[in-house]
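Examining the three-dimensional arrangement
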Amino acid sequence: GFSGWDRPRQRVVDFKQAAKATGKMRLVAFSLAVVGARGLVPAKTAGSVRAGVEVSVATLEPEVSSSPRAAAAAASPAEEVVLAECPLTAWGETIPDIVAAQKEARASPAAPFLYELAAPAATAEEQEAWLVANAETVSARMSSHGAVVFKGWELVKTPEGFRRAYEALGLSPCLDPLHAVSARPTVASGVYEAVNKESRANFFIGMHNEFVGTRSPRAAMFVCFKAADEGGEFLLADGRKVFRDVDADLLAELYSRRIRYSVMELPFFNWIDTLGPLRSPVESLVRGLAAAAVNAKVDFDVSLQWLQDGSAYDDDKTLQARAPVQPPVLRHPATNLPTWFCNVHSHSSLLRAKRADVYGAERFESGASRINKSDMYFGDDMPLTPQQLDHLDKVTADNIVYLKMAPGDAVLLDNYQTMHGRNVFKGKRKHAVTWFE
């Protein structure tokens, strides 16, 4: 009953005797224990604006409300937030001719990107009331511009005030998409810590939409409680624009062949190569048991395969877990327009290695960080060429906006059409995020 078990045919092996002879079969149990203990966590991988990226800056007219809802929210003490399950990804219908869809997008006027919203009043209470009165307008700006950037809001300087802000907007928080596979640290109920660890400070987090396996939040709100001493900018990129800019031939190939991600690597199995004639059946056994352990833990199908070309762990024999096949472009659930929804910029091991040449190698502080490695392939498991990856890297980088946030700043973004990331930094950095249905 093991999912994904590659059973050897017409072969019977006394593994107990093999273990006695080699003294190493105990490593199977150890390796599977690591899978269960560490979870399955997809790794993720420069206030200035990148030249060529247009940003809309505007301020809505104040319309302060004294509604009972705002007053009640302001007066209520902090309490545990009930989080819904992170929703399933809404891929939309298949696009019959992806190149024709891109041509149509290129011929249409470019949509505005980012809507900056200055605080409409001085006090947190007045700001909260304004959000209640203008929630529909803020939501519309997020949809039209991909993200709303709140600048200088007293209300969002504390975790409790941040919660009051998103509740005033009528947003429904959901569990972190990583919830099924790992626990992200929280700073308050329903408010998750962003990647702030100093051990990850030199790790440039590439551009990505937030999703794990088959689940994606509809929106997200990021907030700054303390800016880094240097760097640490929050990064944004318009998926609609990336879709327009990708080379048409590469887009067609990616869409027809689909893509898939590797989400974990287990570099524990050099000992198998010492087993001689038992190597092949033991490989099949370990692969099957590991697949069973992983698939029992996550709510999406994972296939495991042996890396044939070494790995990042001194050429250790490595078992790699790969997520289901998916398209690199989807139809937006509200507009039905195509948008780039592909995490190659953050997940490609080649692109991460190139960034490591600039910012320094990753620092592994735990076994989990060594395990949580990712990469991207075509849906048929073949790798993208270095030239294809370089092109996707450039197209993405050309569309990045670097946003230097400060306490009182927050970003509400549409997760389906706006990618996010984080620059390297120095010093203490305290940013957080809440996901929404």
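These notes cover the structure that comes with them. Quick caveat, the model's predicted, so the values are computed rather than measured.

A separate point is the pairing of strand β3 (residues 147–151). In terms of residue burial, β3 counts as a mostly covered element, since four of its five residues are buried. In this sheet, β3 lies alongside strand β2 (residues 115–118) in parallel orientation, the contact comprising four bridges. Paired with Tyr 115 across the strands is Val 148, a residue of β3.

Turning next to the side chain of Gln 320. Within the secondary structure, Gln 320 is located in strand β13 (residues 319–322). Discounting chain neighbours no more than four positions away, the residues touching Gln 320 are Ser 262, Met 264, Glu 265, Ser 303, Leu 304, Gln 305, Leu 307 and Tyr 377.

On to the pattern of salt bridges, then. In the structure shown here, the tally under the stated rule is 18 salt bridges. Glu 154 is paired through a salt bridge with Lys 157; the nearest N and O atoms lie 3.2 Å apart. Taking relative accessible area as the criterion, Glu 154 reaches 39% and is therefore assigned partly exposed. Taking relative accessible area as the criterion, Lys 157 reaches 36% and is therefore assigned partly exposed. When the shortest N-O distance is used, the salt bridge between Lys 394 and Asp 398 registers 2.8 Å. Placement of the pair is Lys 394 and Asp 398 together in helix α14 (residues 386–398), with a separation of four residues, close to one helical turn. The exposure class of Lys 394 is exposed, given its relative accessible area of 53%. Each of Asp 273, Arg 279, Glu 283 and Lys 317 takes part in salt bridges that share partners, so that together they form one network.

It is worth spelling out the side chain of Asn 343 at this point. With respect to the secondary-structure elements, Asn 343 resides in the loop between β15 (338–340) and α11 (344–347). On the accessibility criterion, Asn 343 (3% relative accessible area) is buried. Within the structure, the side chain of Asn 343 is placed 2.9 Å from the backbone nitrogen of Asn 209, a separation counted as a polar contact. Excluding residues that lie within four positions of it along the chain, Asn 343 makes contacts with Met 207, His 208, Asn 209, Phe 211 and Tyr 261.

Let us now look at the sheet that holds β13. Strand order in the open sheet made by the four strands is β12-β13-β11-β16, with antiparallel pairing throughout. Each end of this open sheet is capped by a strand with a single partner; those strands are β12 (303–306) and β16 (375–378). Strand after strand, the sheet turns through a mean of 35° between neighbouring axes, direction not considered. Where β12 meets β13, four bridges bridge the pair, whose relative direction is antiparallel. Each bridged residue has a counterpart across the sheet, and for Leu 304 the counterpart in β13 is Ala 321. Packed on one face of the sheet, helix α10 (residues 279–297) meets β11 (259–266), β12 and β13 and runs near 150° to β12.

We now examine helix α6 (residues 135–145). Turning to α6, its buried residues number three or more, namely Ala 135, Val 138, Met 142 and His 145. Buried residues along α6 cover an arc of 120° about the axis, so they all sit on one side. Two residues or fewer past α6, Gly 146 is found with a positive phi of approximately 85°.

The subject of this paragraph is the packing of aromatic side chains. If you walk through the whole model with that rule in mind, you get 14 aromatic pairs. Arranged with centres 5.0 Å apart and planes meeting at 25°, the rings of Phe 211 and Phe 341 form a pair that is stacked. Taken together, the residues Phe 211 in the loop between β7 (205–208) and β8 (219–226) and Phe 341 in the loop between β15 and α11 connect sequence positions 130 residues apart. The pair Phe 211 / Phe 341 is uniform in exposure class, with both members buried.

Analysis parameters
Residues numbered from 1 in each chain as written. Predicted model: local features only at pLDDT ≥ 70, side-chain atom pairs only at ≥ 80, totals over all residues. Heavy atoms only, no water. Buried < 20%, exposed > 50% of the residue type's maximum accessible area, 1.4 Å probe, protein only. Helix = DSSP H or I, 4+ residues; strand = E, 2+ residues; numbered from the N terminus. Pairing = 2+ DSSP bridges. Contact = heavy atoms within 4.5 Å. Salt bridge = Lys/Arg side-chain N within 4 Å of Asp/Glu carboxyl O. Polar contact = N/O pair within 3.5 Å; in protein donor to acceptor, adjacent residues only side chain to side chain. Axes fitted to C-alpha atoms, helices over the stretch in contact; angles between N-to-C directions. Arc of directions from axis to C-beta. Phe/Tyr/Trp six-rings, centres within 6.5 Å; stacked < 30°, edge-to-face > 60°.

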